[in-house]
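Now for the letters of each chain:
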Amino acid sequence: MARWCYRHRLVVLLLWVGALVGVGFSASSAGTNYANVFSLPDTDSKTAYDLMEKAFPNTSGDTDTVVWKADSGSVTDQAVEDRVRPALDKIAKLPGVGAVTSPYAGARGSAQISKDGTIAYAQLTFTKRANEIPKEQVQKVLDTAQAAERDGLQVELGGQAIQRVQEPPQGLSEMVGIVAAAVVLFLAFGSFFAMTLPIAIAVFGVGMGLFSTQLLSHVTDIPDIAPLLASLIGLGVGIDYALFIVTRHRRGILRGMDPEESAVTALNTSGRAVLFAGGTVCIALAGMLVTRLRFLDGVVIGTSLTVVLSVLAATTLLPALLGFLGPRVLSRRQRRRLAAEGPEPERASGLAARWSANVQKRPRRIAALAVVVMAVLAIPVLSLRLGATDQGNDDASTTTRKAYDLLAEGFGPGFNGPLQVVSVGGDTAKLVQGLKSTPGVAQVAELPPSQGVTVVQVVPTTSPQSKETDDLIDTLRDQVIPKAGAEAHVGGVTAVSKDFASVTGDRLPLFIATIITLGFLLLLVAFRSLVVPLTAALMNLIAAAASFGVLVAVFQWGWGLDLLGLGKEGPINAFLPVIMLSLLFGLSMDYQVFLVSRMHEEWVHTKDNARAVRVGLAETSRVINSAALIMVCVFLAFVLSGDSGAAMAGVGLAAAVALDAFILRTALVPAAMHLLGNSNWWLPAWLDKRLPHLAVEPQETPPAPERPAGPAGPAGLAGPATAIHGFVRTPDGDPVEEASVTLMSKGGRQLDRVTSLADGSYIVSVPEPGSYLLAVTSSSYGSKARHVTVAEGPVVYDVELTGDEVDAVS
């Protein structure tokens, strides 16, 4: 498939562009129909909601609030009323506004004025839901209301529709993430063209995913946070998957391979790992379905679809783009060096190799240090409290946060999250009396009954997010309502959030067990080892605990919130643990696959665990760390999204990926594997026979057996399956002594390496018939590389080095 895409690159590119434009046009024409469905069957708040919906079938749109405060005097003063009343009348006539309930109209308006008379509010009922109202209409409401401000009179607005107007421009976080990723890619590759490849793959994958999700919102319930999370994870995996493939392709070209063969080999090796990794991410995401929370079904659809399309782009569009670039995927300096010095030998060098050697020398010390760091970061998770964020968590400079604070100041902190006690039988009067006498209740208002249903609005003395409000809900359900002998249920946004957090917490152990088991089975089949998947499962749990510790410290304790401009501390969104754990386990599995697959490949060839771990870490740590740095940049960019849920997920996932890649996969995993030794690869024989075979990467040609002792010339051919032998000479026929002769597989793996003797003779072992790359390098006479085809029996191949002139690779 890779070869076909490479050779038919124009067709593939046109198909992808046509698909993106077509789906984009369809999505733009259809619009969006996102729906936040918090279906919590068998919960008290859901029962209360169903009863209210039946008795009060209110089909009107969302309700927002205009709040104003007079610094001196009262809001009923004529000067204040003369400024605010005309503004409210004007708002009532604006498009999209259904009704305005003013404190200056009717006897009931006095309830909308605080006891000290300094703060009042008006309710705006829109004709549609917040996400359906054009932002231009909401902006006119905001401008009209705030035009009434003057010195000594503060006017603020709150509500879902107003919050949408405050959000940064759509796509800002994605654009910032892409720019940050581009900088990292350019530093890693040193080539503008190579940098654009992962960006292009991510744009196509995420674009197709978001447009498709938008279309699917018309046929199934998809929450409005789904496209944000889909773009967050899609950008991360899209860029990373392309990065792994492009890195392998560039390595092949640097080792003398033809660009087409290098691309095919890269897709047939790293491309297979990308398919496997993408599958693990989708499986981890699908694990959310076991929670049976309908709100998460749409998230699974949007994120999984985007990951699938990103993998499809990496395995079809990327080889086509590689075909357009050819050798330009290398930097100019690399192309000049390749022409001057010939193919690079296969070796890991630099910081990665030195670090890998240090891990091998001091595994106990490094493992202990890594465990201590992760344990310290995980401490805050012990105080994790799930709940829901609201506009009280917005940044202090926003009008929604100011309106929230003004309402809390004038009418009490519980006014922003009233409870609704829905009664369908029993002594309602006794119930109301019991509610009024309950500690923690500030106000009780009984609404006129309808169809046998009575709604009693209860305003707590504490804020919606406080633990005291949660305790009050339990007190009402367990003591007050049963004591009054009424058949009643506690509902409202605050009660729904509490029930959602409780249900999520109850189902979290099953969810974690599910995705850990699925990940264990996948790695068991891929690496045919019991210890490797067990280690991966343990590392995933450590990464999850540490990342949630960071999340609690930032968003629940408030450490660094002002610095990040993320508003006020509060509980962790109840849906976040499930979403974060799905993404974290999927991404962790990616890094585990890329790291251990290279170790496993070396183990299969050498059966030397220390070498396998050292080589695997040295050759993959740089690309894993680059990929992780890109993901951290992309995830942190979602702090700019304006959505508190997406910002929380972005910070949490950025912390999780950074800890996973820079501490676990770079230090703790290899140190633990050094300590475990050959038991890393242990698998009972009876289990090995029953497991299906799944190759993450195709097995390359195994090394040749050791050649027997004997002369180094052609007379010593008895040992290997076959061989390539001959002489290295100058154009004048003089022998070239101590020339380095390297035999490499088509995949770029070094199979044998020798030094020519005094007479220029050499012999390299060939494991089996096939096509190989023979590279000859001499410090005095330059370099040459040739593809050599070996059939049955030894091949005689003489090499002529042309002095300082470099012979191009054929």
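Source: prediction; values computed, not measured.

## Re the sheet that holds strand 2 (residues 97-101)
Overall, antiparallel pairing links the four strands, which are arranged 2-3-1-4 in an open sheet. At either end of the open sheet lies a strand with only one pairing partner, and these are strand 2 and strand 4 (153-158). The average undirected angle you get between the axes of adjacent strands in this sheet is 20°. Those strands touched by helix 4 (residues 78-92) are strand 1 (63-70), strand 2, strand 3 (119-126) and strand 4, and its axis lies near 155° from that of strand 2. Against the sheet, helix 5 (residues 135-146) makes contact with strand 1, strand 2, strand 3 and strand 4, and its axis sits at roughly 160° relative to strand 4, the strand it touches most.

## Overview of the side chain of H249
Mapped onto the secondary structure, H249 falls in helix 9 (residues 226-254). By relative accessible area, H249 is classed as buried at 0%. Those residues in contact with H249, other than ones at most four positions away along the chain, are P259, S262, A263, A266, L322, G326 and V329.

## With respect to the nonpolar core
M288, F555, Y591 and F635 are the most contacted members of the largest nonpolar core, which has 156 residues in total. At 19 residues, helix 23 (residues 644-676) tops the list of elements feeding residues into this core. Sequence-distant contacts of M288, defined by excluding residues within four places in its chain, comprise L296, V299, V300, F511, V578, I579 and S582. In this structure, A70, V80, F126 and A161 belong to the second largest nonpolar core, which totals 27 residues.

## Things to note about the pattern of salt bridges
In total, this model carries 15 salt bridges according to the counting rule given. We note a salt bridge from D405 to R401, for which the minimum N-O separation is 3.1 Å. One end of the pair is D405 and the other is R401, both in helix 15 (residues 399-411) and four residues apart, which spans about a single turn. R401 gets classed as buried once you look at its relative accessible area, which sits at 11%. Here R528 ties to D688 by a salt bridge, and the two come within 2.8 Å at their closest N and O atoms. Within this pair, whereas R528 is found in the loop between helix 18 (493-527) and helix 19 (531-556), its partner D688 is found in helix 24 (residues 685-690), the two being separated by 160 residues in sequence. Note on D688: relative accessible area 33%, which makes it partly exposed. A single network of salt bridges, built from pairs that share partners, joins R3, R7, E260 and E261.

## Structural notes on the sheet that holds strand 6 (residues 419-425)
Strand pairing in a sheet takes place through backbone hydrogen bonds and is either antiparallel or parallel in direction. What the four strands build is an open sheet, ordered 7-8-6-9; its pairing is antiparallel. Every other strand in the sheet has two partners, leaving strand 7 (441-446) and strand 9 (487-491) as the edge strands with one partner each. When the angles between neighbouring strand axes are averaged without regard to direction, this sheet yields 20°. Of the pairings in the sheet, the one linking strand 6 to strand 8 (residues 454-460) comprises five bridges and is antiparallel in character. Across the sheet, the residue bridging to S423 is T454, located in strand 8. Those strands touched by helix 17 (residues 467-484) are strand 6, strand 7, strand 8 and strand 9, and its axis lies near 175° from that of strand 9.

## Re the environment of L636
Tracing the chain through its elements places L636 in helix 22 (residues 609-637). For L636, the residues in contact, after removing those within four places along its chain, are G650, V651 and A654.

Here is what the cut-offs are and how they apply
- Residues numbered from 1 in each chain as written.
- Predicted model: local features only at pLDDT ≥ 70, side-chain atom pairs only at ≥ 80, totals over all residues.
- Heavy atoms only, no water.
- Pairing = 2+ DSSP bridges.
- Helix = DSSP H or I, 4+ residues; strand = E, 2+ residues; numbered from the N terminus.
- Axes fitted to C-alpha atoms, helices over the stretch in contact; angles between N-to-C directions.
- Contact = heavy atoms within 4.5 Å.
- Buried < 20%, exposed > 50% of the residue type's maximum accessible area, 1.4 Å probe, protein only.
- Core = buried A, V, L, I, M, F, W, Y, C linked by side-chain atoms within 4.5 Å.
- Salt bridge = Lys/Arg side-chain N within 4 Å of Asp/Glu carboxyl O.

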